[in-house]
Amino acid sequence: MAGAGEGTGRVTAQLPILQVVVPLLAAPICAVLRHGRAAAWLAVLASWSVLAIALALLGQVMAGGVVSYHIGDWVPPIGIEYRVDIVNAWVLVIVASIGAVVTPYSVASVEHEIASRRIPLFYAAYLLCLSGLLGITITGDMFNVFVFLEISSLSAYALISLGRPRRALTAAYRYLIMGSVGATFIVIGIGLLYVMTGSLNMADLAGLLPGVWDSRTVKVAYGFLGVGICLKLALFPLHLWLPNAYAFAPSPVTAFMASTATKVAVYMLLRFFLSIFGAAFSFDVMALDRVLLPLALVAVVSMSLVAIFQVDVKRLLAYSSVAQIGYMILGLSFASITGLTATLLHLFNHALMKGALFMALGCVVYRIGSVHIDAMAGLGKRMPWTMAAFVVGGLSLVGVPLTVGFISKWYLILGALEKGGPWIAVAVLVLVTSVMALVYVWRVVEAAYLREFSGDEPTGEAPLSLLAPTWVLVAANLYFGIDAVRTAGVARQAAEVLMAGIGS
């Protein structure tokens, strides 16, 4: 028994590195497999293993505090450290959960949308992207963040280019150009910090930077990092790569990226500016809140307005995603624990709602080959379970009570009301833009339920292999909208860690 317990302890101690290594090793195996289904089920196994590891790490952090893993037993800051606290444990669970749901969904969807000879390569790129996103989140080394960022980005470009429309190549190329610019800004910022401190370890940097805060170099590094990360998270007006990337990528890719990639970029923003530079420096010296607030407000209003006039539902939801990113940044701009809690909650909640919506659209693509609003006329009767999933996801996007979207917007409004004064107008704006979301969601619902089917061939429901994962996320939208105690509690703890002494 002691031997078994000791062995279990050794495995538990290796969980941080396994979080990244499992999908990283599975990716080349998928690439050399010639059978698409074999690659698919290997990817499913790897993604579910990753979820189990992420949940175990969250449990460890909740029970015992920060987990520190030293690569090769080299002590940081000399060696590379994987450091897991409540903040990135939360994001690891978000990324791993979406990966675990999207991977089995992709089995049938990918066979329908991608040539069979490319399917093993699809899963290799998918696992590399998953590994990169997890690596960004778990590493405690700034240069490692850049390395994993490039792994996730390069694989994302390849995944987008696999889309059936010819414009998928153009979308991937645009993302490549803008993503490379963002990555260049980030690595320049990291280099400047290294010049000033001689360290790349995040925890070490947090202790060294207060001594050089007055340096112009540090402030320039802050600016480079801010622009680079905001480009990666598609904050208005640096969002131009996102609509086409989401619209023309294969359905599983869109669902995965919309639910994870921008969330990890928001995490990078929070980790760099609040943990490394410190909340006091970011808000008091660099006036981060005054820079982000107008950008967030313009993003929420303008992108909601643009979404209303889209006829391609994927593009509609893509512009909606830019607006939802605005909500996340809006919570950060409150410079309060309640506002940041709203941001961290919305990372999780938006992953659930947008994942469900894009997966429902994947079911539509599987049956009718189009997500044009006119093509979806009458689908409410012909694909009742698919369209019901879309309706629930849409209600969550609007923020209807008993859905996760309501929880996010409730905390945003609470954060604005706590600030008082002119911030009341921000709370009103959240309500107004929720009505705008209702308008563009209603356009799809009206076509599906109140218009007659215009196709020549009969249309049936999507296969269970597509519907089951979709409804897992739909059920999660409802469950965590009804019982938000756990999610709100974890988000609040993470916010308190990030704000580090700033008042609520």
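Further up the page is the structure itself.
Values in this document were obtained by computation on a predicted structure and should not be read as measured data. (Residues numbered from 1 in each chain as written. Predicted model: local features only at pLDDT ≥ 70, side-chain atom pairs only at ≥ 80, totals over all residues. Heavy atoms only, no water.)

Student: Explain the overall build of the protein chain to me, please; I cannot follow it from the model alone.
Tutor: In terms of helices and strands, the protein chain carries 21 helices and two strands. Expressed along its principal axes, the backbone C-alpha trace of the protein chain runs to roughly 70 × 60 × 45 Å. Here the protein chain holds 504 residues, and 59% of them are scored as buried. Long-range pairs, those at least 24 residues apart, make up 80% of the contacts in the protein chain between residues at least 6 apart in sequence. Surface summary for the protein chain: the accessible area is close to 18500 Å², and the carbon and sulfur share equals 68%. Distance between charge centroids for the protein chain: 7 Å, based on 28 positive and 22 negative side chains. (Helix = DSSP H or I, 4+ residues; strand = E, 2+ residues; numbered from the N terminus. Buried < 20%, exposed > 50% of the residue type's maximum accessible area, 1.4 Å probe, protein only. Contact = heavy atoms within 4.5 Å. Areas by Shrake-Rupley, 256 points an atom, 1.4 Å probe, with all protein chains shown as cover. Lys, Arg positive; Asp, Glu negative; His and termini not counted. Charge placed at Lys NZ, Arg CZ, Asp CG, Glu CD.)

Student: I keep staring at the pattern of salt bridges and nothing clicks. Help me out?
Tutor: Any two side chains of opposite charge can pair, so long as their charged atoms come close to each other. If you walk through the whole model with that rule in mind, you get five salt bridges. Here E111 and R37 are joined by a salt bridge, their closest N and O atoms 2.4 Å apart. Taken as a pair, E111 in helix 4 (residues 86-113) and R37 in helix 3 (residues 36-64) lie far apart in primary sequence, 74 residues in all. Looking at R37, the relative accessible area reads 37%, which means it is partly exposed. Here E496 ties to R492 by a salt bridge, and the two come within 3.5 Å at their closest N and O atoms. Placement of both E496 and R492 in helix 21 (residues 485-499) is noted, with a separation of four residues, approximately one turn of the helix. Since its relative accessible area comes to 31%, R492 is described here as partly exposed. (Salt bridge = Lys/Arg side-chain N within 4 Å of Asp/Glu carboxyl O.)

Student: Would you explain the nonpolar core in this entry?
Tutor: Core analysis: the biggest nonpolar cluster contains 198 residues, and Y123 and L344 have the highest contact counts within it. The biggest single contributor to this core is helix 15 (residues 337-368), with 19 residues. Residues in contact with Y123, not counting those within four places in the same chain, are C30, G36, A39, A40, A43, S106, V107 and V110. (Core = buried A, V, L, I, M, F, W, Y, C linked by side-chain atoms within 4.5 Å.)

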